[in-house]
Amino acid sequence: APFLTMDGQQLSLGEALLTPTRIYVRLLMPLIKKKLLKCLVHITGGGLSENIPRILSDDQAVSIDIEGSGWKLPPVFKWLQEQTQLDDFELTR
């Protein structure tokens, strides 16, 4: 199954799965320097549901609206979800 990148490049399944993680630190440095961010996390195993609580104190909570955020699920993950019938929660873990 071919997959298109954000810039329209066509990738095989293997190439899509082996695409390196995008590093956002340089993009976020202006916010870090202004002390507008208190932390950054690299989400891997466990996804948002298990990793975000690790940075919050006991009296804090968070609500994340992924659909409303503008973030788009990479095509390879849409394909994986369709092939395996994973629900949204499992896919984001």
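Heads up: the structure comes first, above all this text.
Parameters and conventions
- Counting restarts for each chain, with residues numbered from 1 along the sequence as it is written.
- Local features are withheld for residues below a pLDDT of 70 in this predicted model, meaning they are given only at 70 or higher, and side-chain atom pairs are given and counted only at 80 or more; totals for whole chains, interfaces and linings count all residues.
- Computation of side-chain values: all heavy atoms of the structure, hydrogens and water removed.
- Labels follow the DSSP assignment, with helices taken as runs of H or I lasting at least four residues and strands as runs of E lasting at least two, numbered in each case from the N terminus.
- We place a 1 Å grid over just the protein atoms. Points where a 1.4 Å probe fits but has no way out form a cavity, open points with protein on both sides within 12 Å along at least 5 of 7 lines form a pocket, and any residue with an atom within 4 Å of a point lines it.
- Grid points are joined across faces, edges and corners, and a volume is the space filled by probe spheres set on the points.
- Put simply, Ala, Val, Leu, Ile, Met, Phe, Trp, Tyr, Cys and Pro go in the nonpolar bin, Asp, Glu, Lys and Arg in the charged bin, and everything else, Gly too, in the polar bin.

### Here's the deal with unusual backbone geometry
With phi around 60 degrees, Lys 35 is a residue other than glycine that occupies positive phi space. With respect to the secondary-structure elements, Lys 35 resides in the loop between α2 (25-33) and α3 (47-51). The residue Gln 85 is not glycine, and still its phi comes out positive at about 60 degrees. Structurally, Gln 85 can be placed in the loop between α5 (75-84) and α6 (88-91).

### Brief notes about the layout of surface pockets
Looking at the largest pocket, its volume works out to about 2100 Å³. Along the walls of the largest pocket sit 44 residues, with Thr 21, Arg 22, Tyr 24, Ile 43 and Trp 71 positioned nearest its centre. Those elements that provide at least two residues to the lining of the largest pocket are β1 (3-4), α1 (13-17), α2, α3, α4 (66-69) and α5. No other element matches the four residues that α5 contributes to the lining of the largest pocket. When its residues are assigned to classes, the lining of the largest pocket shows 30 nonpolar, 10 polar and four charged. In this structure, the second largest pocket is lined by Ile 66, Glu 67, Trp 71, Leu 73, Gln 81, Asp 88, Leu 91 and Thr 92. Among the elements of the structure, α4 and α6 are those that each provide at least two residues to the lining of the second largest pocket. Here the residues of the lining of the second largest pocket sort into four nonpolar, two polar and two charged.

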